[in-house]
Every structure is written in structure tokens, then in C-alpha cells.
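# Per-entry structural report
The primary structure of each chain is shown beneath.
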Amino acid sequence: MKRHGEPARRRAPRAARVARVAGVTGLLLACLASGCTGVVQRVGIAWLYREASHPEALTELDVPYERGPDGAAGSPKQRLDLYWPDPGAPGDDPPAGPGWPVVVFVHGGGWTHGDRAQVTGGADVYRNIGRFFASRGVGAAVISYRLQPEATWTEQVADVGRAVRFVSDRVGARGGRPEAIFLAGHSAGAHLAARFALDPAARARDDVCGLILVSGAAYDLADAETYALGADRAWFEERFRDGDADWERRASVVPWVRADSPAALVLYASGEPAKLRHQSDLLVAAYR
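Residues numbered from 1 in each chain as written. Predicted model: local features only at pLDDT ≥ 70, side-chain atom pairs only at ≥ 80, totals over all residues. Heavy atoms only, no water.

## Observations regarding the packing of aromatic side chains
Scanning all chains against the criterion turns up eight aromatic pairs. Among the aromatic residues, those joined into a cluster by ring pairs are Trp 111, Trp 153, Trp 235, Phe 236 and Phe 240. Cation over ring: Arg 136 sits above Phe 132, and NZ or CZ is 3.8 Å from the ring centre. Positioned above the aromatic ring of Trp 235, the side-chain terminus of Arg 239 is 3.6 Å from the ring centre. (Phe/Tyr/Trp six-rings, centres within 6.5 Å; stacked < 30°, edge-to-face > 60°. Lys NZ or Arg CZ within 6 Å of the ring centre and 35° of its normal.)

Laid out in C-alpha cells, this is it:
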């Protein structure tokens with residue numbers, strides 16, 4: 001695993017707890033992304049998966065985060081699930097300050113498929129992330145977003161931003177800290193999360209205080225070594241080339257890293273393809 005950065009203590013209460021539970025969920029997701037998905041589908045997921053429980057009274061499913069001018073909900077994909085911590089339940093650590101941090105999780109799926117309610121090997125792996133965090137005193141939102149080709153990659157990034165702002169506007173009333181939002185993503189979701197959080201034009205400065213990125217791809221679409229390691233350039237062109245001559249830089253994550261970018265925890269599994277590990281290494285190098 002690679003990791004970089006420590007979210008600022010004054011902005012991220014219980015950051016160590018967030019990192020620990022991110023590592024547990026990250027290892028599961030990284031395995032699913034690294035070629036063992038078929039095995040998981042055939043034999044079940046019990047050997048990788050531990051279902052987390054969380055009270056229904058503290059769970060809100062299928063909440064629209066985007067509405068039109070007439071108040072109607074947007075696309076069925078522009079929805080999220082909310083998991084609120086139980087204020088009376090003991091956490092892993094003593095409180096580091098008032099309120100609790102929040103994780104907003106973005107699923108993977110190659111930008112073309114996937115959903116927050118996806119079931120793999122009989123287990124709802126993404127919604128379980130929300131239950132897992134909330135049962136340990138960290139608020140969570142697990143989001144869906146419009147998929148290609150219905151939406152462009154820029155519209156997918158915009159959906160992530162809409163979801164983050166929706167959560168930020170509401171967590172304070174429930175006891176959370178809107179200034180302590182961690183944006184997490186897996187695979188394509190890691191790209192979308194980072195691309196939103198690192199672009200100063202896409203977000204308000206304090207929308208996101210830290211990133212948790214698991215098995216991400218497309219961090220640097222212009223990197224020749226990634227294609228030499230086996231990545232399919234045509235596959236990425238189909239998803240990101242939009243007529244702009246500068247599309248590789250615009251769609252990538254690495255060119256947007258700045259000294260004041262949100263801190264990032266970058267994770268991958270050692271058994272994943274070299275092309276995928278290399279992309280994470282490029283992002284870590286940009287941060288350093």
C-alpha cells in the first residue's frame with residue numbers, strides 16, 4: 001500500500017480512525033479490482049466480507065442530491081444513501097472535538113457501470129461501507145452518479161461535486177462537521193473523487209479536507225509508461241477524449257496537484273496489475 005499526507009488535525013477530528021477503517025474497506029475493494037472478481041462471484045464473498053450493522057432509524061436510502069428548477073428529482077443515478085452515527089454509541093477513540101467527520105464514497109465501474117446498491121457475490125459491498133463507517137462514529141454518504149455514455153466525464157465529476165455539497169449542507173444539523181469531509185473513491189470513483197477535489201474551479205476551498213483513493217486509474221492519461229505496461233489507450237480515449245486537444249491533461253488528476261491540495265491516502269493491492277500500481281505511484285510522486 002502507498003499512503004501520502006496526514007489531514008490537518010484542526011480540520012479532521014478522529015482522522016486516524018478514518019484512515020484505519022479506510023484501510024480495511026480498501027483491501028476488500030482492491031481485491032475486487034485486481035482480477036479476483038470472477039472467483040468472488042462464483043464462491044461468494046464471505047471470506048472477504050463482514051457485514052456491518054447499523055440502525056435503520058439512522059439510515060436514509062435513495063436520497064436525491066440533484067433537483068431541477070421545478071423541484072423534481074434528477075436522474076435516478078443522482079442519488080445517495082446517508083448513514084448517521086449513533087450519538088449514544090461508544091466510538092473507537094475518545095472524541096477529538098465537537099461533531100464527527102464524514103466520508104463521501106464514490107463507487108467504481110470503469111465510468112460506464114456500477115451503482116451504490118451494487119451486489120457482488122451476494123453482498124452489498126458499497127452500502128456496507130456506509131454502515132461500517134457510521135457504526136464506528138464516522139458519518140457516511142455512499143453515492144451514485146450518472147454513467148457514460150449518458151453523461152460525459154465532466155458531468156460525472158460535477159455529480160460528485162453536487163453530492164459533496166448536498167452532504168456538506170446537511171451534516172451540521174445532524175451533529176457532523178461540514179469542514180471535516182473526506183472524499184473516498186474506488187477505481188473510476190477514485191479518479192472522479194480526486195479530479196473534483198483537486199480542481200480549485202470545481203469546488204469551494206473547504207469542501208473536502210482529505211482524500212481516500214483506492215486502486216485508482218486515469219490519474220495521468222498522458223503517461224507513456226502506463227501504456228507500455230499494458231493499459232489500452234483507445235479504451236481511455238473512448239471515455240475521455242472530448243474534442244479538446246488538451247484532453248489528456250484536463251481529464252487527468254496529477255496535473256492538478258498543488259501545495260494546498262487536500263491531503264491524500266493512496267491505496268492499492270500489491271497483486272494488482274503494474275499499470276494500475278504505476279498510476280497510484282505517479283499521484284504519490286506528484287504530492288511529494
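Further notes follow.
## Brief notes about the pairing of strand β4 (residues 139-143)
Summarising burial for β4: five of the five residues are buried, a large majority. Side chains of β4 alternate between two faces, with Gly 139, Ala 141 and Ile 143 and Ala 140 and Val 142 buried alike. As defined by bridge partners, strand β3 (residues 100-106) adjoins β4 across five bridges and the pair is classed as parallel. Bridge pairing in β4 places Val 104 opposite Ala 141. Following the backbone out of β3, through helix α3 (residues 125-134) and into the adjacent parallel β4, one traces a crossover that is right-handed. (Buried < 20%, exposed > 50% of the residue type's maximum accessible area, 1.4 Å probe, protein only. Helix = DSSP H or I, 4+ residues; strand = E, 2+ residues; numbered from the N terminus. Pairing = 2+ DSSP bridges. Right-handed = clockwise from strand over helix to strand, strands pointing away.)

## A short note on the pairing of strand β2 (residues 79-83)
Of all five residues making up β2, five are buried, and the element is well covered by its neighbours. Taking every second residue as pointing to the same face, both faces of β2 are buried, with Arg 79, Asp 81 and Tyr 83 on one and Leu 80 and Leu 82 on the other. When strand β1 (residues 59-64) meets β2, the two strands line up antiparallel, connected through four bridges. In the strand pairing of β2, Pro 64 is matched with Arg 79.

Any functional reading would require information beyond the geometric quantities listed.
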